[in-house]
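Listed here are the chains, written in short residue letters.
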Amino acid sequence: AERPAGKVTMVFDRAIPNVPGKSMKGVIVEYPPGGGSASHRHASSAFIYATVLEGAIRSSVNGSPEKVYNAGENFYEEPGSFHNVSANASDTKPARLLAVFVVDTAEKELTIPAAK
């Protein structure tokens, strides 16, 4: 069964003045109960810091064991990582996270779904 998809909202997008060619982009990801994202990669230039704002997020990057991050906890993704699991850990409560990307300013596509 397909999980309900998350809602992704760009909330911050700014060139980094002292790091030419790089931008910082902030993205809020909201998962409904039982929701999640399909497996995906991010832009190869993207270093990502994610912090859970609400609820709990189940995550696995580069085939690591799945881990649940609760509100206030954070994780990161190295450039070129494969995010095989990103989902709400709860079937009854919503979850939200803030993902901060440091990425090439010219990069248009932040998230690339994995080929089926």
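Just so we're clear, the structure is a prediction, and the values are computed from it rather than from any experiment.

1. Details of the nonpolar core
If you look at soluble globular proteins, the nonpolar side chains tend to sit buried side by side.
For step 1, the next point in the chain: Of all hydrophobic cores here, the largest spans 17 residues; its most connected members are Ala46, Ile57, Leu97, Phe101 and Val103.
For step 2, the next point in the chain: Of all the secondary-structure elements, those providing two or more residues to this core are strand S2 (22–31), strand S5 (47–54) and strand S10 (95–104).
For step 3, the next point in the chain: Not counting residues up to four positions away in its chain, the partners in contact with Phe101 are Ser23, Met24, Lys25, Val27, His42, Ala46, Phe47, Ile48 and Leu110.

2. Considerations on the confidence of the model for the protein chain
For step 1, the next point in the chain: Mean pLDDT over the protein chain works out to 93, with 97% of the residues at or above the 70 mark.
For step 2, the next point in the chain: Per-element confidence in the protein chain ranges from a low mean pLDDT of 85 for strand S11 (residues 111–113) to a high of 98 for strand S7 (residues 67–70).

3. Concerning the sheet that holds S10
For step 1, the next point in the chain: The strand order across the open sheet formed by five strands is S1-S2-S10-S5-S8, and the pairing between neighbours is antiparallel. If you trace the sheet from one side to the other, it starts and ends with strand S1 (7–15) and strand S8 (74–77), each paired once. Taken over all neighbouring pairs, the strand axes of this sheet differ in orientation by 20° on average, direction set aside.
For step 2, the next point in the chain: By the bridge criterion, four bridges tie S5 to S8 in an arrangement that is antiparallel. Considered in S8, the bridge of Ile48 is made with Glu77.

Cut-offs applied
- Residues numbered from 1 in each chain as written.
- Predicted model: local features only at pLDDT ≥ 70, side-chain atom pairs only at ≥ 80, totals over all residues.
- Heavy atoms only, no water.
- Core = buried A, V, L, I, M, F, W, Y, C linked by side-chain atoms within 4.5 Å.
- Buried < 20%, exposed > 50% of the residue type's maximum accessible area, 1.4 Å probe, protein only.
- Helix = DSSP H or I, 4+ residues; strand = E, 2+ residues; numbered from the N terminus.
- Contact = heavy atoms within 4.5 Å.
- pLDDT = per-residue confidence, 0-100.
- Pairing = 2+ DSSP bridges.
- Axes fitted to C-alpha atoms, helices over the stretch in contact; angles between N-to-C directions.

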